[in-house]
Amino acid sequence: MAEIMKEERTKSPDQNGEQRFQTDNTVSKKPQPKQQLSKSMEHMRFAVTVDPIPHTSSTPTPPTDSQAPQEPAENDAYGVPASFAPVRAPPSRSHDPSNNQKRSDPFAFGSRYLEEGDNIFEFNAWDHVSVDDTYKAFSEEQYERQRQDPVSDFDRKRFNDNPEKWWNTFYKNNKTNFFKNRKWLAQEFPILGDVGKADAPPAVLLEVGAGAGNSAFPILQSSQNKRLKIHACDFSKKAVELIRGHELYDPTYIQADVWDVAASPDSENAGLPPGLSENSVDVVLMIFIFSALNPRQWDQAVRNIWRVLKPGGQVLFRDYGRGDLAQVRFKKGRWMEENFYVRGDGTRVYFFEKEELEWIWGGKELPSKETSEKAEGQDETEELAGETEKLDIGDTIEDTKSQDPRPTFEVAHIGVDRRMLVNRQRRLKMYRCWMQAVFRKAGDDSQVATSTLRQEKNDEQDEGGEEA
């Protein structure tokens, strides 16, 4: 009996008639890691291992005229069904390999539109991608589930009481490895390239929420302006230590300090960054930092930015927009209040709408009076008083009735950046939504010209540079 079983095991799969149990990884161009299976289970590999690439028979048949090759199936992206398809524009530009007009050199954001006939997985990013009503309905269903299972009162208090604690832990664990250098900033805000030119006027740039220096150091590296001074501030002590320990850190051109953008005027240096005074900054850079604040801190943060800027100075702003994948994918126990969440690492994030930013920075009236009253926190209703007691954020709540009206900026530019990022290996589509704006303080003391939002490239050749 043992000899018979041994003989059976030595037969080829074809001899055993078990060809259907074989796997075929030739469809995938990338080598597949071999799973650890015992020899007795090898014939069941197809059933117990995960391979997103569909299998075919061991001897693929070439496609005929009536049988076109099938694309591998797409996969759900972080809870978002793959069946949701982006809205496509009518075809207008060639993407033939001999004349691919969807590539640019250097790569320019905003220049690649998804059109009828395009292969989504040809590139890893598409610009100006909108979603249809089914995706919007799915998002609203997700938000309602999040509201039904919010953060506990205990957790809400500890996340709001000491937010810098969670960012200190974040940078202690990730150091400089988490964020990539933002070399794309000069494309999104061309003035960042202009202030670094050798013949540019003297300029002071303040980055709020500088993190580990992933924005400040690329600006510094590309600058030829010896009269450009960068102040990189963050309320995380660990983040500031990382900047000061960087090999490019030179106090002559860059100064890193701990500073809370929502600091009270009664705090050190009248609530302004160390080494800076009122009306002393030309450009304030705020990249994914305003969203980390509790909505009740917005008022004081805007006031502090106004005070530190020169008349004619500007804020370069980029942050999360409502409907971004990062918001849609949140599960239970993360919802703090409308559009405001806590991540798994304890850091907080808010997702903005365009009209909301125009109200916060430009003083434009919100479409809904109820929303305006809730966001601004000026009406001391019983409901808001109850929420305040729950949040227990104390001094971060400003009694706006005892202050002058919040200063308003000119909204020089504002836009919604909807982009679809693609993971070609995992066959994922990820719908992202960011808000981008330039807010300007009235006046003309600053010699730095007001930035545009993005330099669109008309001449498109082969692609190069960083995509996403």
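Please read all numbers here as calculations on a predicted model, not as lab measurements. (Residues numbered from 1 in each chain as written. Predicted model: local features only at pLDDT ≥ 70, side-chain atom pairs only at ≥ 80, totals over all residues. Heavy atoms only, no water.)

Remarks on the overall build of the protein
Here is the rule we go by: In this description a helix means any DSSP run of H or I spanning at least four residues, a strand means any run of E spanning at least two, and both kinds are numbered starting from the N terminus. When accessible area is computed with a 1.4 Å probe and restricted to protein chains, residues below 20% of their type maximum are described as buried, those above 50% as exposed, and intermediate ones as partly exposed. The contact definition used throughout considers only heavy atoms, calling two residues in contact when any of these lie within 4.5 Å. Only the protein chains shown count as covering a residue, and every accessible area follows the Shrake-Rupley method with a 1.4 Å probe.
Per the secondary structure count, the protein includes 15 helices and 13 strands. In the protein, which comprises 468 residues, the proportion classed as buried is 44%. By sequence separation, contacts in the protein at least 24 residues apart represent 74% of the contacts at least 6 residues apart. Within the structure as shown, the protein displays about 24900 Å² of accessible surface, and the carbon and sulfur contribution to it stands at 48%.

Looking at the packing of aromatic side chains
Aromatic rings in a pair are described by how distant their centres are and how their planes are angled relative to each other. Operational definition: Between the rings of Phe, Tyr and Trp (Trp by its six-membered ring), a pair exists once the centres lie within 6.5 Å; its type follows the angle of the planes, with under 30 degrees stacked, over 60 edge-to-face, and the other angles tilted. When the NZ atom of lysine or the CZ atom of arginine is within 6 Å of a ring's centre and also within 35 degrees of its normal, the charge is said to sit over that ring.
In the structure shown here, the tally under the stated rule is 24 aromatic pairs. Note on Phe317 and Trp361: the rings are 6.1 Å apart at their centroids and 65° apart in plane angle, and the pair reads as edge-to-face. Of this pair, Phe317 sits in strand β8 (residues 309-320) while Trp361 sits in helix α13 (residues 354-362), and the two are 44 residues apart along the sequence. By relative accessible area, which is 0% here, Phe317 ends up buried. Residue classification places Trp361 among the buried residues on the basis of a relative accessible area of 0%. By way of ring pairs, the aromatic residues Phe290, Trp298, Trp306, Phe317, Phe340, Tyr350, Phe352, Trp361, Phe409 and Phe439 are connected into one cluster. A cation over a ring is seen here: Lys165 above Trp166, with NZ or CZ 4.6 Å from the ring centre.

Notes on the side chain of Glu207
Let me state the cut-off plainly: The charged-residue count follows a simple rule in which Lys and Arg add positive charge and Asp and Glu add negative charge, with His and chain termini not counted at all. For salt bridges, the criterion is a side-chain nitrogen of Lys or Arg within 4 Å of an Asp or Glu carboxyl oxygen. Nitrogen and oxygen atoms within 3.5 Å of one another constitute a polar contact, given that in protein one can donate a hydrogen and the other can accept it, and given that sequence-neighbouring residues count only through two side-chain atoms.
The residue Glu207 is located in strand β4 (residues 203-208) in this model. Nearest to the buried, unbridged Glu207 among oppositely charged side chains is Arg182, at 4.3 Å. At 3.4 Å, the side chain of Glu207 and the side chain of Ser215 are in polar contact.

Comments concerning unusual backbone geometry
Peptide bonds are, in most cases, trans, and in most cases residues other than glycine have a negative phi. Unusually for a residue other than glycine, Phe288 sits at a positive phi of about 55°. On the secondary structure map, Phe288 appears in the loop between β7 (281-287) and α11 (298-308). Given the relative accessible area of 22%, Phe288 is considered partly exposed. Phi is positive for Asn339, close to 65°, though the residue is something other than glycine. Among the structural elements, Asn339 can be located in the loop between β9 (335-337) and β10 (340-342).

Here we look at the sheet that holds strand β5 (residues 228-234)
Paired through their backbone hydrogen bonds, the strands of a sheet run either parallel or antiparallel. For clarity, the cut-off: Between any two strands, at least two bridges found by DSSP are needed for them to pair. What counts as an axis is a line fitted to C-alpha atoms, over the stretch in contact for a helix, and the angles between N-to-C directions run from 0 to 180 degrees.
Taken in spatial order, the eight strands make up an open sheet running β3-β12-β13-β8-β7-β4-β5-β6, and their pairing is mixed. Unpaired on one side and paired on the other, β3 (125-127) and β6 (254-258) mark the two borders of the sheet. When strand polarity is set aside, the average angle formed by the axes of neighbouring strands in this sheet is 20°. Looking at chain direction, β7 and β8 are connected through six bridges and run parallel. The residue of β8 that forms the bridge with Leu285 is Leu316. Sitting on the sheet, helix α10 (residues 237-244) touches β5 and β6, and the angle it makes with β6 is about 160°.

Brief notes about the sheet that holds strand β11 (residues 348-350)
The three strands are arranged β9-β10-β11 in an open sheet whose pairing can be described as antiparallel. Looking at strand neighbours, the two that pair on one side only are β9 and β11, the edges of this open sheet. The mean angle between the axes of side-by-side strands here comes to 30°, regardless of whether they run parallel or antiparallel. In the sheet, β10 pairs with β11 via three bridges, with the strands oriented antiparallel. When the bridges of β11 are listed, Tyr341 appears paired with Val349. Strands β9, β10 and β11 of the sheet are contacted by helix α5 (residues 153-161), whose axis makes an angle of about 70° with β9.

Remarks on the environment of Asp324
Looking at the secondary structure, you find Asp324 in the loop between β8 and α12 (325-328). A C-alpha to C-alpha distance of 9.0 Å links Asp324 and Met430, two positions 106 residues apart in sequence. Discounting chain neighbours no more than four positions away, the residues touching Asp324 are Phe351, Tyr431, Arg432, Cys433 and Trp434. Side-chain polar atoms of Asp324 contact the backbone nitrogen of Cys433, separated by 2.8 Å.

Regarding the pairing of β4
Looking along a regular strand, one sees the side chains alternate between the two faces of the sheet. Here is the rule we go by: The definition of a right-handed crossover adopted here requires that, viewed with the strands pointing away, the path from the first strand over the helix to the second runs clockwise.
Most of β4 is tucked away: six of the six residues are buried. Burial of the side chains of β4 extends over both faces: Ala203, Leu205 and Glu207 are buried on one face and Val204, Leu206 and Val208 on the other. Two strands pair when backbone bridges link them, and β4 and β5 are joined in this way by six bridges, in the parallel orientation. The partner of Glu207 across the bridge, within β5, is Ala232. In this fold, the crossover linking β4 to β5 by way of helix α9 (residues 216-222) has right-handed handedness. As defined by bridge partners, β4 adjoins β7 across four bridges and the pair is classed as parallel. Residue pairing in the sheet places Leu205 in a bridge with Val283 of β7.

Overview of the packing of helix α6 (residues 163-174) against α10
The following threshold applies: Any angle that falls under 35 degrees is termed roughly parallel, while one over 145 is termed roughly antiparallel, one within 65 to 115 roughly perpendicular, and all others oblique. Residue polarity follows a fixed list, in which Ala, Val, Leu, Ile, Met, Phe, Trp, Tyr, Cys and Pro are nonpolar, Asp, Glu, Lys and Arg are charged, and the others, Gly among them, are polar.
The geometry of α6 relative to α10 is characterised by a closest axis approach of 7 Å and an angle of 40° between their N-to-C directions. It follows from the interaxial angle that α6 and α10 lie oblique. The segment α6 lies against α10, with Asn168, Tyr171 and Lys172 engaging Lys237, Lys238, Ala239 and Leu242. Residue composition of the contact of α6 with α10, grouped by class: three nonpolar, one polar and three charged.

Re the pattern of salt bridges
Side-chain pairs of opposite charge can arise where the charged atoms are in close proximity. Tallied over the full model, the rule gives 23 salt bridges. When the shortest N-O distance is used, the salt bridge between Arg419 and Glu188 registers 3.7 Å. With a gap of 231 residues between them, Arg419 in strand β12 (residues 410-423) and Glu188 in helix α7 (residues 185-188) connect regions that are remote in the sequence. We classify Glu188 as buried; its relative accessible area is 1%. The residue Asp299 makes a salt bridge to Arg406 at a minimum N-O spacing of 3.1 Å. Residue Asp299 is found in helix α11, and its partner Arg406 is found in the loop between α15 (382-391) and β12; the two are separated by 107 residues along the sequence. The same class applies to Asp299 as to Arg406, namely buried.

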